[in-house]
Each structure stands twice: as structure tokens, then as C-alpha cells.
Amino acid sequence: MTPTPASPDKRGTTLINHWQAGVPVTTGPVLTPLLACLMALAAIGFVMAGIRVVSPLGPFSAMNSVYAWGIWKTFNVMTLTALGSGPLALGMAAWVFNRQKLHVVMRTALVSGFLFYATGLIALGFDVGRPWNFYSAFMPWRWNTGSAMLEISICMPLYCAVFLSFEILPLFLERLYYTGNEKARAFLRHVSPRIRKIYPVVIIGAYVIPLMHQSSLGGLLLLAGDKINPLWQSPALPWLYLVTAALCGFAFTIFLLLIVCLRYGRKLDGGVLSELANLLSGMCLLFLTIRAVDLIWRGQIHAAFAFNKMSLLFLLETSLILIPAVALRFRRVRETPRALLNMSALACVGGMLYRFIPTSIAYSPMRSTSYFPSVPELVMAVGYISLGIVAFVFAINYFAVLPGEASTWDHAFRPFGWKRRIAAPTGIPLTPATALERGV
Amino acid sequence: MNILEVSLTRRQAFKAMLGIGGTVASVVLPKSAAASTEEHPAHPIAPPDAVAMLYDSTICTGCKACMPACNEANGLPADTLLSGGIWDMPTGLNAQTKNIIELYQDPKSDEFAFVKKQCMHCLDPACVTGCPFGSLKKVDFGAVTWNSSLCIGCRYCEVACPFEVPQFEWKALNPKIVKCEFCYDQRLKENLEPACTAACPTGAVIFGKRDALLDQAKGRIAAAPDKYYENRVYGEHEAGGTQVLYLSSVSFQKIGLPKLGPTSLGHYATKVTSVIYKWLGGPVLMAGVLGLFIRRNWNRHEAERLLHEKETGFPDQL
Amino acid sequence: MLGTLKPSSTKLETIDERLRQCGISRRSFLVFCTSLMVAAPYGLALTDKASPEAVAAVLGKVVRPPVIWLHFQDCTGCTESLLQTSHPGFADLILNVISLEYHETLMAGSGLQARQALDEAVQKYAGKYILVVEGSIPTGAHGSYMKLAGRPAIDVLADIGGKAAAIIAIGSCASWGGIPSADPDPTGAVGVADLLPDHSIINIPGCPPNPYTMLGVVLQYATDGTFPETDEQRRPKFAFDRDIHEHCPRRAHFDAGNFVKVYGDEGHREGWCLYEMGCKGPDTHAGCSTRHFNEIPDVWPIGIGAPCIGCTEKAVAFKVPMFQVVQLHTIAAPPTSYAPITTTRGTISPLATGLVGLGVGVLATGGYVASRQFSKKQDDESAPGSKPDKGTGA
């Protein structure tokens, strides 16, 4: 695999180069007007969060005892962490099913996944009514092991704090290596082999645990029983939530890569994107198969085509997943960036809809009550999302996250206020390997 | 100097997997064993000291003596929000109302019925199944009680309960879950009957052992055939059986009692997971299987790594 | 049948003997006993019997208790209330059941004769008589606002009260100061218990109170020397343990929301609840709702359409304006309306809906624009490699 010569940046979205490594974005200013807007939104969300700490949940949000879960739980956690299942989906595909090509985009998936989970867990933290009792999570004798809620409240923070953080660690260490002093580099040379050694063991946990809690997110809804419309309430809920997690993980990674490359004018890799699209299509088909079998088994097909409100919602969500499933079977579609963008967006929305609907729109309890998030709730939800986006933009600018050609890697990380820059001796293209040999 | 790697040997991988699985399992094991299907049987059996309330809607006159009696016994303020401070006038169970009398009235005909709503104290409660740290528990006499030191306020109980009973104190800074507990702390423990059944002047709601009351209810049905809806007692089998039994002359759904099957929600929800997670078997198995594949692929990756680094001139990024 | 008033005898005989002497029928006595039972259905050992005959049997054996009745700053209303009983007539029976040794309104004598009668009675029955006090005692200006035979009222009370077996403060004035103690209170009017806190005192507040309360207490004491259970304000619980609101005959109208809005309106004529007219019933402890006055049903303030002014309560009467509505502090029983089976809760904020719509719109537009960018690049033939080209990737 020889690297193609770097062509001057033509703001093209061409599909000719091969991504070879994670590369930091070094062109253009980091703080753009859009980013400033997002930071403002995040700041407003932060202020709202401060208010939420000192105010009871009732007047602040629009939740009531009939609709006890608002958008923080149902959207930021149950829906957005599906988009954040990139590490799970890509990780399993790369490390378990040996799709080696996906290693280059692992970092993008990891960072976005970590941020979705982190912001989702922050949202969860602000959503619980009695957080001071959460220390029971560290006392296993108090655990009610039959409860899906317990599973989530233990596994998700554990996953995010331990496993995802571990998987992200190399980013920081790498930056430290190239921008730090000699002592830091010596320390890293000492520590790196150990990290490499335990890496394959840690990622076992990094895949088993999200398998558990993503399916438990679906398991949560089992206890709601008949309150959820029979089109969605089924014993297959955990499986379907798991498949949509994988589905959304792939779809969002594709979407994110395309958007980011468009934004920063980078080249696309047809092979990797095609691979991802293939896997996405497979997941969509798997989802549709399980859904269809489940509906037939439970005798709900007639309800699916009754063309009332619920049925139309079901058909919408299904078609949003069916279209990518079918379209991405065609190579031409897989290789057209625009089509890829649209299809992955459809799949994302479809997967999110599937996860969101049974918690809210198809959730019809006995007492007829309406729920729509209040403005403070929305502000905080948007604040979390903005925070995630801002953090992601900073991450791709200051760390080697985005995939690119190895030849465009100039390991000149943007300084965090450090002025040090590893200068290349004239004439010789400085690659990281040569830099190492030179002991720079 | 170079970041060289030793590939993971089979023994090392095995040890690691056992280590992870063993640690987690050993911590969770004692409780894990209990989370078997036996904890949520398809048809729950009432505990031997199970008490119950029998409410006969045809005897209830709607005097609502049970409401102030409940408020007084439980130290709850009257819900005077809608009456401008004068009357206790809740529109449903809420954070100040553990027990309420509701009226069903058919606008077209003369049909009407009163119904008393409070916690049903199910034999296999969905709220208890869902509560992550066991704050809601079924204690002696079968009463379902809430423990403030374990509750994290996740409100899963509100989502799980098919009768929509638990009420979260939305307006409080120290929010509790408010629901009928059969006056457990104040009266049941001193062998007194709950305040509402003691206050009822007509005997519309009575207290006693579940078996005895069930027999009594069936006796009433037998003595007056076709008086009671479908000639059956609501709560005998609903959601696996409850410890509040209802007799009504109008349809149960009309008085707001949901249509439920005979299996408990806990059983339905834990049917599959209790098998998969028994002794953490599923996750450990999955970890083992994944571990095998990961180890193999990792070794392949490591084998190619040095070659790859030379070709691209770039160290392998994890 | 009016009997002749016999002068008080030199020794105290039992009630039975006295009634026989005066020719008062047993029937009247039984009616009296019945009235007592109605007045004190519980909380009074004397009336805690199965039938009026049983009460009569006990009461008949009781030696007539000597009673000295002192007036201080009063309006004599409490005496009037006692006088207005008709079953039995005051003169007929009551004067023969108790031995009223001194009563300024009722006694025949006056001047020096009256003073002598008082001194004699106090001396003769020292330690045995019951002192009934009517009216508040002025403490202002060294007690010179009222003098009884030249002596300041405070001293008289201390003297005669000191020798009494027990003191019954009848009426709000004697209990806590009453009308004279209302703002600006120039005389410094106080009740008996404020001046003689260590004595055995029973307060029977009211303006005026029901006379049977006093009779029940006095006769109980005469029967076995005990007083009925009292609350922390020394009021007998059998008469003062409930508030007017709890047993008000118009309670159903309160519960149904039928309120009088203006005196003389339709509701007033229909006998609706007077809560909104400032009725102090919920804040007032007294038995008036169940025992009306003058033995005629509905002869009591609310019964005739006047809101209760809380005359027994120191914190309410002559302090809180009559038109001011009180706070309900006991657990309010629910009204006659019922909660429906299904309630619609929750509101949808239009602002929130708008924001969500806006957000969705922005995202959708952004997505469309982005997707257009992709095809724009692709259509641009001049850019190298704008056509998709498969690499040699693995």
C-alpha cells in the first residue's frame, strides 16, 4: 500500500486517497462563528444546569408523574447514546470480525462516542431526583439485580469512565509524545508497552459492557408493559435496541466523516466508507428482519398497516431504515458521497426514531396526559449536545483524530499555549518514524 | 527504545478473561443467584401473612371519609390547590394524596360508580422489580414500602407501575415517592388496620387476610349473581395478583382499573434476562468468545504492524 | 308549676329533700337531668349514665352545693343566659338544685343587708362554696376602676376566691377578659385565672356561654368533688374540645360550596354557609353548633343567619374583625365534587414547540445544504479526481 503523492488541497471531496492514520486538522482557525454560537449555547445550558441544581424538578421541567421521563432520559441517553455506539459497532467489526480497514476511523468513532456518552451521563445526572443516594452504586449488596435500571446506572458510567477513557488515552499520550519534553517521552516509552499489552484485554470489556447496557436500554421498556403501543412493546425490545445501537453507530460515523471532511475540505476514502456502508446496510437488514419476525410472531402485522397515527409512525420509522438497507446494497450508491450522506442520515434518524418512539409518542398510559419538554429542559438538552459538538471540534483540531493520509501528518499539533514546535530539518520530509529515529 | 510488543499468549488471555469475569461475578454472585426466574414466577404466590383490602364499589357511598383519615394517619397536608385553600380536592393520586375516591359517571345514562384508588400492593410488583437499589420493597404482610435512604429518584417505578400509583414529589427539593403503604409504619406494625378501612362507615373497604377476603368476595358474587361485573374479583389474577381486591357492578375499565393479563410484569421483563445474566453467565461467555476472536485478530494486527510502520513511515495508532 | 321560693335554709339539704319541700315535680327534675345529659354527652362523669333516671338517682342524693356569684366588669349576660332557661324554670328548679347564697342581680336584699349576706355566706361555707365569677377584673390604676363595697375588685376576688373550694369563671370576661379587654383596654381587664393562677379554676368562656355547661360542672363537683377534664386553657373538654365548624348544621353547604355573599341574598334566605361573611366557626372552640340557646332549636348566631364571632376565643373575639375570613387549619374534608376517573395533566408550552420546530428545521436545512455541496463538487468536472476512483485498497 503505497501512499499516493499528496495533491494540493482543492477543496474536493474526491475519493481517491486512502486514509492511513489519524491526523490533526491544522488548517484554518479553530474558533469560527458557528463554534462560538455553539459555545454560547453550551454556556447557557451550563447556567440552566446551575439553576436546576437548586430547583426542584417539577417547576423546572414539564415532567409529571404520568410521563415521568423527560427528554434528558429518553433523548440524551436512550437515543443519543445509540449515535454514540460507534466504538461498539466499529470496534467489534474491526477487532472481532477483522475488518482491518476500519482501524483508521476508529478514533473518530471513539471521540464522538465518548462525547455522546459523557454528555448523556451528565444529562442523566441532572435528571435523577435524589442523586445524593447514588453512592449505593458502589455497594453491590444493595443492587436489585433483576432491574434493567440498575444495569444501566452501573454499566454506563463504568463504560464511559473506564473503558472509553482508556480507548481515548492514546490520543493524549500521542500528543504528549510529540509536544512534550524528553522526560515525558521517556516516560511514555516506558508506559506504552504496558498499555499495548493490556489493550486487547480491556477492549473485551469495552464490547461486552455496551452490549449489556444498550440492550438493557431496551429492557427498561419491558416493564412498562401495555403502556407502550403493541407495535413497539415486545420481548425483542432489547435485541432491537442493540441492533439500532450498532446501526446508528455505523450510520453516524459515516455521516460525521462526510460532514467533517466537507467542512475541512479533506479527501475521502472510498474503500473505508464503502465498507462502513456495507456494514450499515447489513445492520439495517438485520433490524428489519428481527422487526418483521417479531411482528408476525406476535400477530401485529394488521396493526402495522392500520394507517392510524401509530401505524403511520411505524411505517415512517421502518421506511427510514428500509431505504438505506436497500439502497446501500448497490455499489454505485455506496460510492457516491452525496448518496452516502443521505442514506446514513436516514438511517440515523430511523434508528433514533425507533428508540425514541416507545418512550414518548407510543407511550400512552391510562391517564390521558400530555407531555412536551419545557423550555429549560430543551435548553439543557441542546446545551449538552452543543457541549459535545464543541468538544469534538476542539478534539479534532488539537489531537490526531480525523483520518487522513500519513503524508499529511506533520505532527505539528496546535499548541495549547505551548510555543514549541518540532521544526523539520530542511529538505527531508519529516515523518514520525524518522523523527523518532532522530530522537527529536 | 522502540515500543515493542509481546503478543498475548493464550494463557495470558485466559487469565485476563477469568480475572475480569471472576471479579465481577464474585461481587455480584450472591444476589445474582436470587435473580433467577423463581423470583418472578409466572403465577406469583401470596406470602402466608398476606393482608388485603376488599373494596366493593356497590357499597361505597362516596363519603370520602377515607381521604382525611389517610391524610391524618400519614401526616399529609390537604391538597387545597384547586379550592383556593378551603377543601382537600385532589384530581388524582398525587404527592399529597395516597388514597382517593374517584367518580365514574356516564354522561348519557344514569350509570355511575365510585372507586377507591391507592397502591395495589401487587404480589409481584413491577415497581419493586424495576427499582435499582431496592428502595421499594415488599415487606411483611405483603405491604410494598419505600425507603428514602435507597431511592435515587430515577422514577422507574412510575414508568413500571401499570396502575400509575407511585407519585414523585416534583415540587420538593428533597423529593419522595408518595404512595399507600397500608399504613405500615404507623398502624400495621402495631396490629392496627389501615386508617382508610378503619374510617369507612359503610364497610365498602374492609381489611383482612387475602385468602379470607377473596373467599368473602366470591361469596358475595355467588350470593348475587349478575350483580358484579363478569362475576369476578379484580385483583385476583391481574398482573399476577394484587393485595387490593375490587368488586364492581360496572366494567373495571370504566372505573379506571386497567385491563391486565395474569402474568406479572416482572416475569415478562425478566424472562430472558434472568437466564442470560444468571451467575453472569451470558456476559462471561460473550467475553470469552469475543476474547478468542480479539486475541486472534490482535496477533494478526501485531504481526503486520511492523511491516505497516515501515511502509507508511508512521507508528501504529491505537 | 311555680312553686314558692323558700328562703335558704340554715343547713344544706340534699337536692331531693329540697325539691320535695318546694313541691317541684319529679318530672321537672327528670327533664332537667335529660337537659344535662344532652348538654354533656361525654366527658362528664355525672352524665355518663344510661338514662336520666340514673342521673336523677345520683343527683338526688347530692347535698346542694353553696354557690356565691360575684359580678365584676360584666354586662350580666351570663346571668341572663341562665335566667332564660325554661325547662326547668330558673326559679323553680335551678335555685333549688344549687344553693345560691349571693347573687347581686337576683337577691332580694341590697346595701348593708347584701354585704352582710355575703360575709355570712363566706364565713359559713368557707372552703366549701363554689365561687362563680362573672365579668372581668380591672387591674389598671391600682384596681380603682371598680370597687365592691369600697374595696378594689382585685382584693375582693383574692379574698373571696381564696376561701372558695373552686372558682368557676363564667363567660369570656371572667375567663380571659372579654369585651372590656378589647383594644384600647383602659381598665386593664383580665380574667380570674390571670390573677389567681394557682387556684382551682374552670373557665367557661362564651358571650354568653351555655348555662348547662356551668350547671354540669357545678353539679359534678357537688356530686363527688371532681371536675371534668379540662384543656390547657382550663376549659372543660366536654364542651370545648371541638370547633364550631366541625359540627355546624350548615356544614353541608360549606362542603357543597353554597356560600352567602351578601346579607339578605338568596343564599342567606336559604340558610347557606356563612364562611365568606367572616364566620369564625373554624377557629372557635365551643359547643354552640350542637347545643343551642334557650332550649329552642336554632337559637344561636349561625342559626339565625349571623356569622359566629368567636366569642369564646381570646385570639379571635373582639380582636379579629367580624367580616374577616378565617384560615382553615384542620384537615379540610373534601367537597361534594369528585375527581374524575381520567384527568388530563400537563401543558404544552408553545414556545418550546416553536424552539423544537426551529431546531429541526435548522438541522434539516443544514443537512440538505451539506448534501448539495457534495454533488456540487462532483459535478465540477474540472477538479481533478472529481469522479469516483477506486484505489487499490484492501
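**Some thoughts on the pattern of salt bridges**
Working step 1: Counting across every chain of the model gives 29 salt bridges over all chains.
Working step 2: Glutamate 302 of chain B serves as the salt-bridge partner of arginine 305 of chain B, at 3.5 Å between the closest nitrogen and oxygen. Of this pair, arginine 305 of chain B and glutamate 302 of chain B both sit in helix H9 (residues 281-312), three residues apart, roughly one helical turn. Judged on exposure class, the residue arginine 305 of chain B and its partner glutamate 302 of chain B are both buried.
Working step 3: Between aspartate 159 of chain C and arginine 151 of chain C there is a salt bridge whose closest N-O contact spans 3.3 Å.
Working step 4: The exposure class of aspartate 159 of chain C is partly exposed, given its relative accessible area of 27%.

**Overview of the sheet that holds strand E2 (residues 100-105) of chain B**
Working step 1: Reading across from one edge, E3(B)-E2(B)-E10(C) is the order of the three strands in this open sheet, with mixed pairing throughout. Edge positions in the open sheet fall to strand E3 (112-117) of chain B together with strand E10 (339-340) of chain C, since each of these has one partner strand only.
Working step 2: The pairing of E2 of chain B with E3 of chain B spans six bridges and is classified as antiparallel. Bridge pairing in E3 of chain B places tyrosine 104 of chain B opposite alanine 113 of chain B.

**What about the pairing of E2 of chain B?**
Working step 1: Of all the six residues making up E2 of chain B, five are buried; the element is thus mostly covered by neighbouring parts of the structure.
Working step 2: With antiparallel pairing between neighbouring strands as the criterion, E2 of chain B and E3 of chain B make up a hairpin whose turn holds six residues.
Working step 3: By the bridge criterion, two bridges tie E2 of chain B to E10 of chain C in an arrangement that is parallel. Each bridged residue has a counterpart across the sheet, and for leucine 103 of chain B the counterpart in E10 of chain C is proline 340 of chain C.

**Let's talk about the sheet that holds strand E1 (residues 51-56) of chain B**
Residue and element names in this part refer to chain B.
Working step 1: Spatial ordering of the open sheet is given by E8-E1-E9, a layout of three strands whose pairing is mixed. Strands with a single pairing partner mark the edges of an open sheet, and in this sheet they are strand E8 (205-209) and strand E9 (244-247). When strand polarity is set aside, the average angle formed by the axes of neighbouring strands in this sheet is 25°.
Working step 2: Pairing geometry for E1 and E9, over four bridges, is parallel. Across the sheet, residue methionine 53 finds its bridge partner in E9, namely valine 244.
Working step 3: Contacts from helix H6 (residues 210-223) reach E1, E8 and E9, with the element oriented near 130° to E8.

**Regarding H9 of chain B**
Residue and element names in this part refer to chain B.
Working step 1: The end-to-end C-alpha distance of H9 is 43 Å, a good match for the 46 Å that 32 residues give at a rise of 1.5 Å each.
Working step 2: The principal kink in H9, of about 40°, is found at arginine 305.
Working step 3: Positive backbone phi, approximately 70°, marks glycine 313, located one or two places after H9.

**Some points on the confidence of the model for chain A**
Residues and elements named next belong to chain A.
Working step 1: For chain A, per-residue confidence averages 88 on the pLDDT scale, and residues scoring 70 or more make up 91% of the total.
Working step 2: A low-confidence stretch, residues 1-16 (pLDDT under 50), is modelled with 38 contacts involving residues beyond four sequence positions or located in other chains.
Working step 3: Note on residues 418-440: pLDDT under 50 across the span, and 35 contacts to partners over four residues away in sequence or across chains.

What counts and what doesn't
- Residues numbered from 1 in each chain as written.
- Chains lettered and ligands numbered in written order.
- Predicted model: local features only at pLDDT ≥ 70, side-chain atom pairs only at ≥ 80, totals over all residues.
- Heavy atoms only, no water.
- Salt bridge = Lys/Arg side-chain N within 4 Å of Asp/Glu carboxyl O.
- Helix = DSSP H or I, 4+ residues; strand = E, 2+ residues; numbered from the N terminus.
- Buried < 20%, exposed > 50% of the residue type's maximum accessible area, 1.4 Å probe, protein only.
- Pairing = 2+ DSSP bridges.
- Axes fitted to C-alpha atoms, helices over the stretch in contact; angles between N-to-C directions.
- Contact = heavy atoms within 4.5 Å.
- Expected span 1.5 Å × (residues − 1).
- Bend = angle between axes of the 7 residues up to and from the residue.
- pLDDT = per-residue confidence, 0-100.

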